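Architecture at a glance
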Amino acid sequence: MLKKAGFVSAVAAGIMMVGGTAFAATGDTTGTPDPTFGDAYATFIEGGGALGYGAASLVAGAYTGIATTPALILHSLEHHHH
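Residues numbered from 1 in each chain as written. Predicted model: local features only at pLDDT ≥ 70, side-chain atom pairs only at ≥ 80, totals over all residues. Heavy atoms only, no water.

The name given to the protein in an unreviewed UniProt entry is Secreted protein, and the organism recorded there is Amycolatopsis umgeniensis.

If you want it as structure tokens, here you go:
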């Protein structure tokens, strides 16, 4: 269940990032040269790496938070239960 939630969160974050940049890029492009294949490839690779890093960070943070929260709550209750 946790793996599915992390995957869905990562996909949703990726869609928001891709969708946000796609809509933000619809400006006036007169006088702007078309990108070369090399430029497009480099942008694709860089964006994929950023998306992968973001998704991995999101999943790792969520997993760590879910895994450690019960212990943190119990530890907190032990110190305040006098």
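What about the overall build of the protein?
Filter applied, for reference: Only DSSP runs of H or I covering at least 4 residues are called helices, and only runs of E covering at least 2 are called strands; the numbering of each starts at the N terminus. The buried label applies to any residue whose accessible area, calculated with a 1.4 Å probe on protein chains only, is under 20% of its type's maximum; exposed applies above 50%, and partly exposed to all values in between. Methods summary: accessible areas were calculated by the Shrake-Rupley approach with a probe of 1.4 Å, and residue burial reflects only the protein chains presented.
When its secondary structure is counted, the protein shows two helices and zero strands. Burial analysis of the protein (82 residues in total) assigns 4% to the buried set. If you sum the accessible surface of the protein, you get close to 7000 Å²; carbon and sulfur atoms cover 73% of it.

With respect to the packing of aromatic side chains
The condition that has to hold: Stacked, tilted and edge-to-face pairs are distinguished by plane angle, under 30 degrees for stacked and over 60 for edge-to-face with tilted covering the rest, among Phe, Tyr and Trp rings (Trp via its six-membered ring) whose centres lie within 6.5 Å.
Counted under the stated rule, the structure contains one aromatic pair. Residues F37 and Y41 carry aromatic rings whose centres are separated by 6.3 Å and whose planes lie at 20° to one another, so their mutual orientation is stacked. Of this pair, F37 and Y41 are both found in helix α2 (residues 37–80), four residues apart, which corresponds to roughly one turn of the helix. On the accessibility criterion, F37 (70% relative accessible area) is exposed.

Considering α2
Note the threshold: Expected helix span is computed as 1.5 Å times (number of residues minus one). Bend angle per residue: angle between axes fitted to the 7 residues ending at that residue and the 7 residues starting there.
An ideal rise of 1.5 Å per residue puts 64 Å on 44 residues; α2 measures up with 62 Å between its terminal C-alpha atoms. The sharpest bend along α2 measures roughly 40° and falls at T68, with the proline P70 sitting one to four residues further on.

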